[in-house]
Amino acid sequence: MTILINKINDVKNNVKIWKQQGLKIGLVPTMGALHKGHEALIKKALEMCDKVVVSVFVNPIQFGPNEDYDKYPRTIENDFSICLKNGVDIVFAPSTDEMYGENNKLSNTDLTFVCPPYNIVDCMCGKSRPGHFDGAATVVLKLFNIVSPDFAFFGQKDAQQLFIITKMVKDLNLDLTIIPCPIVREQDGLALSSRNIYLNSEERKNALTINKALKQIENLYRQGIKDTKVLFDSAISVLDKNIELEYLEFRNFDNFDKTDEIQKNTLVAIAAKSGKTRLIDNIIIR
Ligand code: AMP
(Lines give C-alpha, C1' and ligand atoms only; values in the text may rest on other atoms or scores of the structure.)
Protein backbone atom coordinates (compact mmCIF):
# COMPACT_ATOMS: atom_id res chain seq x y z
CA MET A 1 0.00 0.00 0.00
CA THR A 2 1.28 3.46 -0.91
CA ILE A 3 0.22 6.40 1.23
CA LEU A 4 0.42 10.10 0.46
CA ILE A 5 1.58 12.14 3.44
CA ASN A 6 1.80 15.93 3.67
CA LYS A 7 2.81 16.32 7.29
CA ILE A 8 6.34 15.92 8.68
CA ASN A 9 5.12 14.36 11.94
CA ASP A 10 3.09 11.73 10.10
CA VAL A 11 6.23 10.62 8.26
CA LYS A 12 8.21 10.60 11.51
CA ASN A 13 5.54 8.44 13.21
CA ASN A 14 5.71 5.85 10.43
CA VAL A 15 9.50 5.90 10.48
CA LYS A 16 9.51 5.33 14.26
CA ILE A 17 7.49 2.14 13.85
CA TRP A 18 9.70 0.93 10.98
CA LYS A 19 12.83 1.55 13.06
CA GLN A 20 11.35 -0.39 15.99
CA GLN A 21 10.83 -3.28 13.56
CA GLY A 22 14.47 -3.04 12.45
CA LEU A 23 13.53 -2.26 8.85
CA LYS A 24 15.94 -0.64 6.37
CA ILE A 25 14.61 2.66 5.05
CA GLY A 26 15.36 4.20 1.67
CA LEU A 27 14.72 7.80 0.63
CA VAL A 28 14.44 9.10 -2.93
CA PRO A 29 14.31 12.92 -2.87
CA THR A 30 12.65 14.45 -5.95
CA MET A 31 10.92 17.59 -7.13
CA GLY A 32 8.21 15.48 -8.78
CA ALA A 33 7.23 15.36 -12.45
CA LEU A 34 8.55 11.85 -12.16
CA HIS A 35 9.98 10.11 -15.22
CA LYS A 36 11.94 6.94 -15.91
CA GLY A 37 15.08 8.50 -14.42
CA HIS A 38 13.36 8.94 -11.08
CA GLU A 39 11.76 5.53 -11.48
CA ALA A 40 15.20 3.91 -11.78
CA LEU A 41 16.15 5.46 -8.42
CA ILE A 42 12.88 4.22 -6.91
CA LYS A 43 13.43 0.69 -8.23
CA LYS A 44 16.97 0.63 -6.84
CA ALA A 45 15.66 1.82 -3.46
CA LEU A 46 12.96 -0.87 -3.42
CA GLU A 47 15.60 -3.48 -4.26
CA MET A 48 17.88 -2.43 -1.40
CA CYS A 49 15.43 -1.38 1.33
CA ASP A 50 12.43 -2.74 3.26
CA LYS A 51 10.57 0.57 3.19
CA VAL A 52 10.87 3.39 0.66
CA VAL A 53 9.88 7.04 0.96
CA VAL A 54 9.77 9.20 -2.18
CA SER A 55 9.67 12.91 -1.41
CA VAL A 56 8.03 15.24 -3.91
CA PHE A 57 8.80 18.85 -3.13
CA VAL A 58 9.61 21.75 -5.42
CA ASN A 59 12.02 23.45 -3.08
CA PRO A 60 11.73 27.25 -3.37
CA ILE A 61 15.06 27.97 -1.66
CA GLN A 62 17.07 26.31 -4.42
CA PHE A 63 15.56 28.46 -7.19
CA GLY A 64 16.93 31.89 -8.12
CA PRO A 65 14.56 34.86 -8.56
CA ASN A 66 14.56 34.54 -12.38
CA GLU A 67 14.32 30.76 -12.52
CA ASP A 68 11.39 28.47 -13.26
CA TYR A 69 10.03 27.89 -9.71
CA ASP A 70 6.48 28.96 -10.63
CA LYS A 71 6.55 27.23 -13.99
CA TYR A 72 8.16 23.98 -12.74
CA PRO A 73 5.82 21.06 -13.64
CA ARG A 74 3.69 19.85 -10.73
CA THR A 75 2.07 16.50 -11.46
CA ILE A 76 1.43 14.95 -8.07
CA GLU A 77 -1.38 12.62 -9.22
CA ASN A 78 0.79 11.07 -11.88
CA ASP A 79 3.76 10.97 -9.49
CA PHE A 80 1.62 9.12 -6.97
CA SER A 81 0.50 6.57 -9.62
CA ILE A 82 4.12 5.87 -10.55
CA CYS A 83 5.02 5.34 -6.88
CA LEU A 84 1.94 3.16 -6.34
CA LYS A 85 2.73 1.04 -9.41
CA ASN A 86 6.27 0.46 -8.12
CA GLY A 87 5.25 -0.32 -4.54
CA VAL A 88 6.66 2.74 -2.76
CA ASP A 89 5.52 2.92 0.89
CA ILE A 90 5.20 6.68 1.42
CA VAL A 91 5.00 9.59 -0.99
CA PHE A 92 5.90 12.61 1.11
CA ALA A 93 4.60 15.78 -0.54
CA PRO A 94 4.75 18.61 1.99
CA SER A 95 3.64 22.18 1.36
CA THR A 96 6.20 25.00 1.53
CA ASP A 97 4.60 26.13 4.81
CA GLU A 98 5.02 22.64 6.24
CA MET A 99 8.72 22.61 5.34
CA TYR A 100 9.65 26.21 6.16
CA GLY A 101 6.94 27.59 8.41
CA GLU A 102 4.08 29.86 7.60
CA ASN A 103 5.91 33.18 7.72
CA ASN A 104 7.38 32.56 4.25
CA LYS A 105 10.73 33.96 5.29
CA LEU A 106 12.99 31.92 3.10
CA SER A 107 16.26 33.82 2.90
CA ASN A 108 19.42 33.14 4.86
CA THR A 109 18.70 36.13 7.09
CA ASP A 110 15.78 34.17 8.57
CA LEU A 111 16.50 30.52 7.97
CA THR A 112 19.36 28.19 8.90
CA PHE A 113 21.11 27.05 5.74
CA VAL A 114 23.68 24.37 5.00
CA CYS A 115 26.71 25.93 3.29
CA PRO A 116 28.64 23.35 1.29
CA PRO A 117 32.30 24.27 0.63
CA TYR A 118 32.76 27.37 -1.49
CA ASN A 119 35.12 25.62 -3.93
CA ILE A 120 32.48 23.11 -4.88
CA VAL A 121 29.46 25.41 -5.04
CA ASP A 122 31.03 28.40 -6.74
CA CYS A 123 31.54 26.63 -10.04
CA MET A 124 29.61 24.87 -12.78
CA CYS A 125 25.87 25.01 -11.97
CA GLY A 126 26.55 27.03 -8.81
CA LYS A 127 28.14 29.83 -10.84
CA SER A 128 25.00 30.60 -12.81
CA ARG A 129 22.69 29.60 -9.97
CA PRO A 130 24.02 31.40 -6.87
CA GLY A 131 22.63 29.89 -3.68
CA HIS A 132 21.24 26.87 -5.51
CA PHE A 133 23.36 24.28 -3.74
CA ASP A 134 22.91 25.86 -0.31
CA GLY A 135 19.18 25.52 -0.87
CA ALA A 136 19.45 21.98 -2.21
CA ALA A 137 21.75 20.78 0.60
CA THR A 138 19.48 22.41 3.18
CA VAL A 139 16.33 20.69 1.99
CA VAL A 140 18.12 17.37 1.63
CA LEU A 141 19.42 17.58 5.20
CA LYS A 142 15.87 18.39 6.37
CA LEU A 143 14.56 15.37 4.47
CA PHE A 144 17.28 13.18 6.02
CA ASN A 145 16.22 14.38 9.47
CA ILE A 146 12.54 13.74 8.75
CA VAL A 147 12.93 10.29 7.18
CA SER A 148 16.12 9.03 8.93
CA PRO A 149 16.95 6.84 5.95
CA ASP A 150 19.64 4.15 5.92
CA PHE A 151 20.14 4.79 2.21
CA ALA A 152 19.37 7.81 0.04
CA PHE A 153 19.34 7.58 -3.74
CA PHE A 154 20.64 10.31 -6.05
CA GLY A 155 21.12 10.44 -9.80
CA GLN A 156 24.49 11.01 -11.42
CA LYS A 157 22.53 13.30 -13.78
CA ASP A 158 23.05 16.01 -11.13
CA ALA A 159 26.69 15.12 -10.59
CA GLN A 160 27.62 18.30 -8.73
CA GLN A 161 24.68 17.83 -6.37
CA LEU A 162 25.62 14.18 -5.87
CA PHE A 163 29.17 15.21 -4.96
CA ILE A 164 27.96 17.94 -2.58
CA ILE A 165 25.45 15.72 -0.80
CA THR A 166 27.98 12.89 -0.44
CA LYS A 167 30.43 15.38 1.04
CA MET A 168 27.79 16.80 3.39
CA VAL A 169 27.05 13.29 4.69
CA LYS A 170 30.75 12.75 5.35
CA ASP A 171 31.53 16.21 6.76
CA LEU A 172 28.50 16.30 9.07
CA ASN A 173 28.83 12.64 10.14
CA LEU A 174 25.36 11.74 8.98
CA ASP A 175 24.44 8.15 9.58
CA LEU A 176 23.36 7.06 6.12
CA THR A 177 24.80 5.92 2.82
CA ILE A 178 24.35 7.76 -0.46
CA ILE A 179 23.69 5.48 -3.40
CA PRO A 180 24.61 7.06 -6.76
CA CYS A 181 22.48 5.91 -9.71
CA PRO A 182 23.42 6.08 -13.41
CA ILE A 183 21.83 8.54 -15.83
CA VAL A 184 18.73 7.26 -17.62
CA ARG A 185 18.45 8.46 -21.22
CA GLU A 186 16.00 8.40 -24.10
CA GLN A 187 17.03 5.97 -26.85
CA ASP A 188 18.54 8.83 -28.82
CA GLY A 189 20.78 9.82 -25.90
CA LEU A 190 18.89 12.77 -24.39
CA ALA A 191 19.17 12.58 -20.61
CA LEU A 192 15.70 12.37 -19.08
CA SER A 193 14.73 15.52 -17.22
CA SER A 194 11.51 17.00 -15.91
CA ARG A 195 12.45 20.11 -17.92
CA ASN A 196 12.51 18.27 -21.28
CA ILE A 197 8.77 19.01 -21.63
CA TYR A 198 9.70 22.67 -22.23
CA LEU A 199 11.51 21.72 -25.48
CA ASN A 200 9.78 22.02 -28.85
CA SER A 201 10.78 19.51 -31.52
CA GLU A 202 13.49 21.72 -33.05
CA GLU A 203 15.00 22.50 -29.63
CA ARG A 204 14.85 18.83 -28.69
CA LYS A 205 16.67 17.87 -31.90
CA ASN A 206 19.36 20.47 -31.23
CA ALA A 207 19.63 19.32 -27.61
CA LEU A 208 20.75 15.88 -28.79
CA THR A 209 24.10 17.41 -29.72
CA ILE A 210 24.78 18.01 -26.01
CA ASN A 211 25.10 14.28 -25.41
CA LYS A 212 26.89 13.88 -28.76
CA ALA A 213 29.55 16.31 -27.55
CA LEU A 214 30.11 14.20 -24.44
CA LYS A 215 30.27 11.02 -26.51
CA GLN A 216 32.80 12.68 -28.80
CA ILE A 217 35.02 13.35 -25.77
CA GLU A 218 34.71 9.78 -24.54
CA ASN A 219 35.52 8.37 -27.99
CA LEU A 220 38.60 10.56 -28.40
CA TYR A 221 39.75 9.64 -24.90
CA ARG A 222 39.41 5.94 -25.80
CA GLN A 223 41.66 6.70 -28.80
CA GLY A 224 44.28 8.07 -26.42
CA ILE A 225 43.58 11.82 -26.41
CA LYS A 226 43.66 13.09 -22.83
CA ASP A 227 44.35 16.81 -23.15
CA THR A 228 41.16 18.56 -22.03
CA LYS A 229 41.82 21.63 -24.23
CA VAL A 230 41.86 19.46 -27.34
CA LEU A 231 38.82 17.53 -26.13
CA PHE A 232 36.96 20.74 -25.29
CA ASP A 233 37.49 22.19 -28.79
CA SER A 234 36.45 19.01 -30.46
CA ALA A 235 33.29 18.72 -28.33
CA ILE A 236 32.31 22.33 -29.06
CA SER A 237 32.51 21.64 -32.78
CA VAL A 238 29.85 18.95 -32.36
CA LEU A 239 27.34 21.24 -30.61
CA ASP A 240 24.54 22.62 -32.78
CA LYS A 241 25.03 26.35 -33.45
CA ASN A 242 21.74 27.11 -31.71
CA ILE A 243 22.90 25.54 -28.46
CA GLU A 244 24.11 28.16 -26.01
CA LEU A 245 26.95 26.67 -23.97
CA GLU A 246 27.12 27.65 -20.31
CA TYR A 247 30.01 25.41 -19.31
CA LEU A 248 31.86 22.28 -20.31
CA GLU A 249 34.20 21.22 -17.53
CA PHE A 250 36.56 18.43 -16.64
CA ARG A 251 36.86 17.63 -12.94
CA ASN A 252 38.34 14.92 -10.82
CA PHE A 253 35.29 13.25 -9.28
CA ASP A 254 37.29 12.29 -6.16
CA ASN A 255 37.91 15.90 -5.06
CA PHE A 256 36.15 18.09 -7.66
CA ASP A 257 39.40 19.77 -8.71
CA LYS A 258 39.67 20.88 -12.34
CA THR A 259 41.89 18.67 -14.43
CA ASP A 260 43.94 19.30 -17.59
CA GLU A 261 44.13 15.62 -18.43
CA ILE A 262 41.31 13.14 -18.50
CA GLN A 263 41.88 10.01 -16.48
CA LYS A 264 39.80 7.46 -14.62
CA ASN A 265 37.03 9.06 -12.54
CA THR A 266 37.12 12.34 -14.44
CA LEU A 267 33.71 14.01 -14.55
CA VAL A 268 32.97 15.67 -17.87
CA ALA A 269 29.99 17.93 -17.26
CA ILE A 270 28.07 20.24 -19.54
CA ALA A 271 25.29 22.79 -19.12
CA ALA A 272 23.70 24.45 -22.11
CA LYS A 273 20.50 26.06 -23.26
CA SER A 274 18.36 24.85 -26.10
CA GLY A 275 15.94 27.67 -26.71
CA LYS A 276 15.10 28.92 -23.23
CA THR A 277 15.55 25.54 -21.57
CA ARG A 278 18.65 24.94 -19.54
CA LEU A 279 19.87 21.35 -19.74
CA ILE A 280 22.68 19.50 -18.00
CA ASP A 281 24.40 16.23 -18.81
CA ASN A 282 27.66 14.49 -17.94
CA ILE A 283 29.77 11.38 -18.17
CA ILE A 284 32.21 9.97 -15.66
CA ILE A 285 35.20 8.27 -17.26
CA ARG A 286 35.42 4.74 -15.87
P1 AMP B 1 14.81 16.21 -9.53
O2 AMP B 1 13.38 15.81 -9.39
O3 AMP B 1 15.16 16.74 -10.88
O4 AMP B 1 15.30 17.05 -8.40
O5 AMP B 1 15.64 14.86 -9.44
C6 AMP B 1 15.51 14.00 -8.35
C7 AMP B 1 16.56 12.93 -8.43
O8 AMP B 1 16.40 12.21 -9.65
C9 AMP B 1 17.98 13.52 -8.43
O10 AMP B 1 18.82 12.70 -7.63
C11 AMP B 1 18.35 13.45 -9.88
O12 AMP B 1 19.75 13.34 -10.11
C13 AMP B 1 17.65 12.17 -10.31
N14 AMP B 1 17.45 12.17 -11.77
C15 AMP B 1 16.83 13.13 -12.51
N16 AMP B 1 16.90 12.80 -13.82
C17 AMP B 1 17.60 11.64 -13.90
C18 AMP B 1 18.03 10.81 -14.96
N19 AMP B 1 17.76 11.09 -16.23
N20 AMP B 1 18.73 9.68 -14.66
C21 AMP B 1 19.02 9.37 -13.37
N22 AMP B 1 18.65 10.12 -12.32
C23 AMP B 1 17.95 11.23 -12.57
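Here the structure is a predicted model, which means the values were calculated and not measured.

Asker: Can you help me understand the overall build of the protein chain in this one?
Answerer: Helix and strand counts for the protein chain stand at ten helices and nine strands. Relative to a compact globule of 286 residues, whose C-alpha radius of gyration would be 19 Å, the protein chain shows 19 Å and is just as compact. Oriented by its inertia axes, the alpha-carbon framework of the protein chain measures out at about 55 × 40 × 40 Å. The proportion of buried residues among the 286 residues of the protein chain is 54%. Here the analysis covers contacts within the protein chain between residues at least 6 apart in sequence; of these, 71% occur between residues at least 24 apart. A total of about 14,200 Å² of accessible surface is found on the protein chain, and carbon and sulfur atoms cover 48% of it. One way to put it: in the protein chain the 36 positive side-chain charges average out to a point 2 Å from where the 36 negative ones average out.

Asker: What exactly am I supposed to notice about the pattern of salt bridges here?
Answerer: Oppositely charged side chains may form a pair once their charged atoms are brought near each other. Here the structure, examined in full by the defined rule, presents 17 salt bridges. Across the pair Lys7 and Glu98 runs a salt bridge whose closest N-O atoms are separated by 3.6 Å. Pair noted here: Lys7 is in the loop between strand 1 (3-5) and helix 1 (8-20) and Glu98 is in helix 4 (residues 96-100), with a separation of 91 residues, a long-range link. With a closest N to O distance of 3.1 Å, Glu39 and Lys85 form a salt bridge. Linking Glu39 in helix 2 (residues 36-48) with Lys85 in helix 3 (residues 76-86), this pair joins segments that are 46 residues apart in sequence. By relative accessible area, which is 59% here, Lys85 ends up exposed. Each of the salt bridges in this network shares a partner with another, and the network as a whole consists of Lys36, Glu39, Lys43 and Lys85.

Asker: I keep staring at the sheet that holds strand 5 (residues 151-155) and nothing clicks. Help me out?
Answerer: The strands making up a sheet associate through backbone hydrogen bonding, with each pair oriented either parallel or antiparallel. Judged by pairing direction, the sheet is parallel, and its six strands sit side by side in the order 1-4-3-2-5-6 without closing on themselves. Only two strands of the sheet have a single neighbouring strand rather than two, namely strand 1 and strand 6 (177-181). Strand-to-strand, the axes of this sheet are offset by a mean angle of 25°, without reference to chain direction. As paired strands, strand 3 (residues 51-56) and strand 4 (residues 90-92) are joined by three bridges and run parallel to one another. Bridge pairing in strand 4 links Val53 to Ile90.

Asker: It is not clear to me how the pairing of strand 3 should be interpreted in this structure. Could you clarify?
Answerer: Residues in a regular strand project their side chains so that they alternate between the two faces of the sheet. Within strand 3, five of the six residues are buried, which leaves it mostly tucked inside the rest of the structure. Direction of pairing for strand 2 (residues 25-30) relative to strand 3: parallel, over a ladder of six bridges. When the bridges of strand 3 are listed, Thr30 appears paired with Val56. Regarding topology, helix 2 serves as the crossover connection from strand 2 to the parallel strand 3, and that connection is right-handed. As for the winding sense of the linkage, the β-α-β connection from strand 3 through helix 3 to strand 4 is right-handed.

Asker: Would you mind showing me how to read the side chain of Ser234 here?
Answerer: Looking at the element boundaries, Ser234 is found in helix 10 (residues 228-238). On the basis of relative accessibility, which here comes to 16%, the residue Ser234 falls in the buried class. At 2.7 Å, the side chain of Ser234 forms a polar contact with the side chain of Gln216. In this view, Ser234 contacts Gln216 and Leu220; residues no more than four positions away in its chain are not counted.

Asker: In this structure, what is going on with the packing of helix 9 (residues 201-222) against helix 10? I would like to understand it.
Answerer: Think of two packed helices as two axes; the pair is described by the angle between the axes and how far apart they sit. Running from amino to carboxyl end, helix 9 crosses helix 10 at an angle of 145°, the nearest separation of the two axes being 8 Å. Judged by the sense of rotation from one axis to the other, the crossing of helix 9 with helix 10 is right-handed. Touching Thr209, Lys212, Ala213, Gln216, Ile217, Leu220 and Tyr221 of helix 9 are Leu231, Ser234, Ala235 and Val238, all from helix 10. Residues of the contact of helix 9 with helix 10, tallied by class, amount to seven nonpolar, three polar and one charged.

Rules behind the numbers
Residues numbered from 1 in each chain as written. Predicted model: local features only at pLDDT ≥ 70, side-chain atom pairs only at ≥ 80, totals over all residues. Heavy atoms only, no water. Helix = DSSP H or I, 4+ residues; strand = E, 2+ residues; numbered from the N terminus. Rg over C-alpha atoms; globule rule 2.2 N^0.38 Å. Buried < 20%, exposed > 50% of the residue type's maximum accessible area, 1.4 Å probe, protein only. Contact = heavy atoms within 4.5 Å. Areas by Shrake-Rupley, 256 points an atom, 1.4 Å probe, with all protein chains shown as cover. Lys, Arg positive; Asp, Glu negative; His and termini not counted. Charge placed at Lys NZ, Arg CZ, Asp CG, Glu CD. Salt bridge = Lys/Arg side-chain N within 4 Å of Asp/Glu carboxyl O. Pairing = 2+ DSSP bridges. Axes fitted to C-alpha atoms, helices over the stretch in contact; angles between N-to-C directions. Right-handed = clockwise from strand over helix to strand, strands pointing away. Polar contact = N/O pair within 3.5 Å; in protein donor to acceptor, adjacent residues only side chain to side chain. Left-handed = near helix turned anticlockwise from the far one by under 90°. Nonpolar A, V, L, I, M, F, W, Y, C, P; charged D, E, K, R; others polar.

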